[in-house]
Amino acid sequence: MIHAFTIHELANIVGGSLIQTGNSHAIEHISTDSRDIGLGSKSLYIALKGVKFDGHEFTASVYDSGVRNFILNENQASPAGFPDANILAVSDTLDTLQKIAAWNRSEFTGTVIGITGSNGKTIVKEWLGQVVGKIHLVAKSPKSYNSQIGVPLSVLGINAYHKLALLEAGISRPGEMGKLEEIIRPTIGILTNLGSAHQEGFKNREEKLKEKIKLFAGSQYVVYRKDQREVAEMLEGVFSADRLIAWSEHPGTDYTLSIKRSEGGSMILLMKPDLTLYTFRTDFTDEASLENLRHVIVACLTLGMGAEAIDGGIQELRPIEMRLTLKEGRKRNTIIDDTYNNDLAGLSVALDFLLQQRPKQRKILILSDLLQAGENRKVYAKVGSLAQQHDIDLIYGVGENIKLLDDIFPGKCKVYPDTVSLINSGELEALNNDLILVKGARKFEFEKIVNHLQEKSHGTVLEINLNALAHNYNFYKKRLRPETKIMVMVKAFAYGGGAVEIANHLQQMKADYLAVAYTDEGIYLRNHGIHLPIMVLNPERESFSHLLKYGLDPVVYSLPFFKSLAQFVQVEKATMKIHLDLDTGMHRLGFVEDDLLELGRLLTESSFLEVASMYTHLAGADESVHNDFSLSQLDLFTKMYREIEGFLNYSPLKHALNSAGIIRFPNYQFDMVRLGIGLYGIGVNEDTELQPISTLKTSISQIKTLKKGQTIGYGRKGVMGENGQIATLPIGYADGYDRRFGNGVGHVLIKGEKASVIGNVCMDMCMVDVTGMDVGVGDEVIIYGKGISLKEIAGKIGTIPYELLTNISNRVKRVYYSD
Ligand SMILES: *Cc1c(COP(=O)(O)O)cnc(C)c1O
């Protein structure tokens, strides 16, 4: 923030009513996240309300950690229990956050660059930050904070000492850019491009473009690429020529920037309006990067930088790994890989991500010098307090300035001059069953550390997008009544996604229940820090003692099963929660109507068994032809659970709907639903808003040139129709790549192009036809994921996505990320 303020000053700026004033601390930090409350009594906490959370629920714990300034919703604000706090009650806390940000912006006298567009916003921002950062003190949005909440938080990160702020703005529906514009008010605007992707939330591309350019309403200059005609026409129709700065591949604009490819890189040739010529060198050769680079060059020129300085900065740019990735390390360590940039805002985001992971023995931070403007001692004091708040047990520092941490974190900090000396010290070998955040600025090459700590893999990975997981969870949550509970099915290794990590994230998102198929699956979760209640669908009799020991709740589905479980629990003099499966038409497991009288008698004499819930399972919720049958199942379920309740003096939870049922029968939520495949991003009906959470990827091992008529693989089933090339991929049926994909049935994507499977799929490998494609050894290959849907490929071999998901072998490494 530009300067500190008191709660009275704030009330004057944003309105609302001060329902209590208990102190006069100046506010220096604003937080909307209860886990990052910053400077204790100097912090202001704003409780925001989202779909999956309500910040008001955390008010008490934030107060306990020392915060004494609050902005709360007027309906939920009460001074009770917070004696010395200042409480400002407002009608809309998000709106208030935005107003404070707008105020902070208005106090800033430096230059603000606002970036929007369909693709490349974050990369242009990060690269521009690096090139300009050599000359100016730059503030920029952490990661891709570009939303209605992210933008105000980014703007609040601008301090008085900054000269330049780089902010990105993203929108998903009409009306949003107007609000962002009031907060950002860019001096210079950049429109990266207009993508062709589906216009979510907008009527068409034109409407979306119109909304986007509202960001530039008050800008002095707008930078854009003239080659995209609709963009150029729209901008030129709205803004006067003296405000527009266009660049193009072709002559006739402010800057002509053409590309010349050369050995191992590219040259960008710049011709200025006065016909002077410059050359910039870069390692990048792909179209998207070259477009982003040219936006960076033009923005730097607009800021008045010289071409030589820009060239120097450009040459140092490297690809950006934007996301935080969770990887399995050697010795049961878990690694969070964030080896790209390192400033305070990014560190705070990464530490929050660390806290969301399931606990391990210790929390370790491996950190390089920060590339952060400001007085070093203050910067590292802030690092120290962040580390403290996030309960870091030990820091390995690499660099010169980071020595300062030694005083702040005495005894818990070991510092090395460079990355290689840390690795060679042997210290890292002591890490065992720890959670390790590796965060370093690019030039420290911390990927060496990650490689050192990481489990080696054979090239095939299943990537799981944790943001998509949260998105899908909320997609269903929004469709439920607020009081309906959610049980998530994490059976079969969470549909192949990895039970522990997924269960942990569900625990974070406050799911109510988990369900697994077998007792062993439940034990595994318990051993890895999962404490949510867990229902076991099909518990074996041999595992009864484990149910007790690990606090797992069995499903009871027949009279003989009830009797043997009751006998066991009675002998143990224990009590147990159970779930009753009622068979209303699935005809798999479960009590039938005729069992109920006897069941009632057994329940009455077994008060040590507590019925936690009763449920049934629909046999055809995913198809409308079965609607009548499904409704008759739901009716029978209602009749049966009422009869059972007659034997009990309490009322257990009732539930019936799976993913498809939640969408099709919203009136039958009862007390809980059982979410399965939908969470993993597979829509059973037309739930197009779901996002696939997993991508199965591998890379090319070898390329072969073959002649027409030569055969490929076992049984010589693949035959070259013409002279051409094949690529061998390290994935086979033992990894879960179904043998039925062989001989042209399946295809993969390489650089966005389809390549068909040729010949039989082998146990550990398969071959694809890459004739005429520009591909090489090591290129990434998508088996399924973006551009190749699981539903589509499952259909090709006559199965369903469930089977393909659960068939992915355990030897395929799972990697989790959050973008
Ligand atoms: C697997 C399962 C579900 C979840 O089904 P989806 O179709 O994946 O949503 C729900 N209930 C029971 C009893 C299940 O076995």
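Here the structure is a predicted model, which is why all the values come from computation and not from measurement.

Caption draft 1: Spatial organisation of the environment of C766. For C766, the position within the fold is in strand β37 (residues 766-769). Residues C766 and P554 lie 212 residues apart in sequence; the distance between their C-alpha atoms is 42 Å. Each residue touching C766, except ones within four places of it in the same chain, is listed here: A727, T728, L729, I731, Y737 and V761.

Caption draft 2: Local environment of the site of the ligand. Taken together, the residues surrounding the ligand are M489, K491, Y495, L537, R588, H617, N658, S659, R674, G676, I677 and Y802. Between the ligand and S659, the relevant distance is 2.5 Å, taken from an oxygen atom to a side-chain nitrogen or oxygen of the residue. R674 is positioned such that a nitrogen or oxygen atom in its side chain is 2.7 Å from a nitrogen atom of the ligand. For the ligand, whose accessible area on its own is 390 Å², the fraction buried by protein is 94%. Broken down by class, the residue content of the shell around the ligand amounts to five nonpolar, four polar and three charged.

Caption draft 3: Broad picture of the sheet that holds strand β10 (residues 221-225). Spatial ordering of the open sheet is given by β7-β8-β6-β9-β10-β11-β12-β13-β14, a layout of nine strands whose pairing is mixed. Only two strands of the sheet have a single partner each, and these edge strands are β7 (138-140) and β14 (277-282). Geometrically, the sheet is characterised by an average inter-axis angle of 20° between neighbouring strands, direction not taken into account. Sheet topology places strand β6 (residues 111-116) next to strand β8 (residues 164-168); five bridges connect them, and they run parallel. By the bridge assignment, T111 is partnered in β8 with L164. Against the sheet, helix α4 (residues 121-132) engages β6, β7, β8 and β9 (188-191), with an angle of about 165° to β8.

Caption draft 4: Region of the structure containing unusual backbone geometry. In the Ramachandran plot, R185 falls in the positive-phi region, its phi being about 35° despite a non-glycine side chain. Relative to the helices and strands, R185 is located in the loop between α6 (176-184) and β9. Residue class for R185 comes out partly exposed when judged on its relative accessible area of 37%. Of note, the phi angle at A494 is positive, near 50°, even though the residue is not glycine.

Cut-offs used in this document
- Residues numbered from 1 in each chain as written.
- Predicted model: local features only at pLDDT ≥ 70, side-chain atom pairs only at ≥ 80, totals over all residues.
- Heavy atoms only, no water.
- Helix = DSSP H or I, 4+ residues; strand = E, 2+ residues; numbered from the N terminus.
- Contact = heavy atoms within 4.5 Å.
- Near = heavy atom within 4 Å.
- Polar contact = N/O pair within 3.5 Å; in protein donor to acceptor, adjacent residues only side chain to side chain.
- Areas by Shrake-Rupley, 256 points an atom, 1.4 Å probe, with all protein chains shown as cover.
- Nonpolar A, V, L, I, M, F, W, Y, C, P; charged D, E, K, R; others polar.
- Pairing = 2+ DSSP bridges.
- Axes fitted to C-alpha atoms, helices over the stretch in contact; angles between N-to-C directions.
- Buried < 20%, exposed > 50% of the residue type's maximum accessible area, 1.4 Å probe, protein only.

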